[in-house]
Amino acid sequence: MIAEIDLRIVRNNVEVIRKTTGVSVLPVVKADAYGLGIRRVSEAIADLADGFCVFSASEAVAVNLARRTNRRVLALGPPESNDPTDYITHRITPTVCNHQQARQLRRAQPALCVDTGMQRFSCPPEDCREALTAGDCREVFTHAVEIGQVEQLMDVTSGCDRPRHAAASGLLHEALAVLDAVRPGLAMYKGAANISARIVEIRQSRGPAGYSGFTAERHGIILVGYSHGLRRGPCLINGRKSRLLEVGMQTAFVELDAEDRVGDRVVLLGDGLTEADLAQNWNCGPHEVLTALSSAATRRYLQ
């Protein structure tokens, strides 16, 4: 399975986000940039970013993110260490969610995550003032999926002179959610990945086939399975819509037409087949689609 990643599209997406929001942009490159490769993605957009977001500090340390890009790094997840030096050394801002963590990491000038409904790794609204003071927190944010949660953040931090942000990809279009910064994730990667595999074998079907006993007049095999994150659903062959008939551990059956040949590309994502399309068929989120397929693929970059 090959993932062709067009870094020009990633850059263009960030440029559009920056222009339309008019605020600081903190691209989310956690989980190896959603499987697209944190090193190459971060280097490609460093000049457009005001900082980067990861989940854990160790993700940034592993690729020396702050020094490589000369941009600050915000670790969105819970602290992995209570020693401020571990963050200061690598130019990482830790996130805290209570006054104890805030006090321990005060020297690292932490960010405070406010709980507006996510109910994980975040500070209850009634405890925020104490945590802000204890940690001398220089930044406040929340994980919001609706405007009401953004409004709650604003209420909780009323009178606070620290930068605030709430909007990830799902709220970039909402003017009220664009505060002092935005954190684009999926929106930054939209349309940038084209993931495909080659047909390695073709059969004229003779009755039920595969483990599930599916039926089709003609089918092909690709060397991608559920161990690579693939699931049953739509695909594209020679520009036409087709479908994966069965997905095994390391191979999958695909329905073919008469003109399809061994060596033809089966597009699993891209060429108009979007993460949202697959997510609907897979009954999951588009983030899961992109991360699952990209993480297992061999990457090739266009720039």
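Caption draft 1: Broad picture of the sheet that holds strand 6 (residues 95-96). One open sheet accounts for 6 strands, arranged 2-10-9-8-7-6; its pairing is parallel. Only two strands of the sheet have a single partner each, and these edge strands are strand 2 (24-25) and strand 6. Of the strand pairs in this sheet, strand 8 (residues 139-141) and strand 9 (residues 164-167) are connected by 2 bridges, and their pairing is parallel. Its bridge partner lying in strand 9, Val140 is registered against Arg164.

Caption draft 2: Expanded view of the pattern of salt bridges. Inspection of the entire model under this criterion finds 15 salt bridges. Its salt-bridge partner being Glu15, residue Arg11 comes within 3.7 Å of it at the nearest N-O pair. In this pair, Arg11 and Glu15 are both assigned in helix 1 (residues 7-21), 4 residues apart and thus about one turn of the helix distant. Looking at Arg11, the relative accessible area reads 25%, which means it is partly exposed. Classification of Glu15 by relative accessible area gives partly exposed; the value is 37%. Glu255 is the partner of Arg243 in a salt bridge, and the nearest nitrogen-oxygen pair spans 2.8 Å. With Arg243 in strand 14 (residues 240-247) and Glu255 in strand 15 (residues 252-255), the pair connects residues that are 12 residues apart, well separated along the chain. What you see here is one network of salt bridges that share partners, running through Arg240, Asp257, Glu259 and Asp260.

Caption draft 3: Structural context of the layout of surface pockets. The volume enclosed by the largest pocket comes to roughly 430 Å³. What lines the largest pocket is a set of 19 residues, among which Lys30, Met118, His143, Ala168 and Arg183 lie closest to the centre. Looking at the lining of the largest pocket, its residues break down into 10 nonpolar, 6 polar and 3 charged. Estimates place the volume of the second largest pocket at around 340 Å³. Residue lining of the second largest pocket: 19 residues in total, with Lys190, Gly191, Ala192, Ala193 and Glu275 positioned closest to the centre. For the lining of the second largest pocket, the secondary structure elements donating two or more residues are strand 1 (2-6), helix 10 (186-189), strand 11 (193-204) and helix 11 (275-282). Partitioned by chemical class, the residues of the lining of the second largest pocket number 9 nonpolar, 5 polar and 5 charged.

Caption draft 4: How the structure looks around the pairing of strand 12 (residues 218-222). For strand 12, the buried fraction is high: 5 of the 5 residues fall into the buried class. The side-chain alternation of strand 12 yields two buried faces, one formed by Arg218, Gly220 and Ile222 and the other by His219 and Ile221. Here strand 12 runs beside strand 15; their pairing, made up of 4 bridges, is antiparallel. Bridge pairing links Ile222 to Ala252 in strand 15.

Caption draft 5: Inspection of the packing of helix 11 against helix 12 (residues 286-296) at higher detail. Relative to each other, helix 11 and helix 12 sit at 100°, their axes nearing to 8 Å. Judged on the interaxial angle alone, helix 12 and helix 11 are roughly perpendicular. For the pair helix 11 and helix 12, contact is made by Glu275, Ala276, Leu278, Ala279 and Trp282 and by Pro286, Val289, Leu290 and Leu293, respectively. For the contact of helix 11 with helix 12, the residue count by class is 8 nonpolar, no polar and 1 charged.

Caption draft 6: Expanded view of the environment of Arg120. As for its position among the elements, Arg120 is in the loop between strand 7 (111-113) and helix 8 (128-135). C-alpha of Arg120 to C-alpha of Val28: the two residues are 92 residues apart in sequence and 18 Å apart in space.

Caption draft 7: Examining the environment of Ala44 more closely. Structurally, the position occupied by Ala44 is in helix 3 (residues 38-45). Residue classification places Ala44 among the buried positions, given a relative accessible area of 16%. As for Ala44 and Asp257, which are separated by 213 residues in sequence, their C-alpha atoms are 40 Å apart.

Basis of the calculations
- Residues numbered from 1 in each chain as written.
- Predicted model: local features only at pLDDT ≥ 70, side-chain atom pairs only at ≥ 80, totals over all residues.
- Heavy atoms only, no water.
- Pairing = 2+ DSSP bridges.
- Helix = DSSP H or I, 4+ residues; strand = E, 2+ residues; numbered from the N terminus.
- Salt bridge = Lys/Arg side-chain N within 4 Å of Asp/Glu carboxyl O.
- Buried < 20%, exposed > 50% of the residue type's maximum accessible area, 1.4 Å probe, protein only.
- 1 Å grid on protein atoms, 1.4 Å probe; cavity = no way out; pocket = protein on both sides within 12 Å on 5 of 7 lines; lining within 4 Å.
- Points joined across faces, edges and corners; volume = space filled by probe spheres on them.
- Nonpolar A, V, L, I, M, F, W, Y, C, P; charged D, E, K, R; others polar.
- Axes fitted to C-alpha atoms, helices over the stretch in contact; angles between N-to-C directions.
- Parallel < 35°, antiparallel > 145°, perpendicular 65-115°, else oblique.
- Contact = heavy atoms within 4.5 Å.

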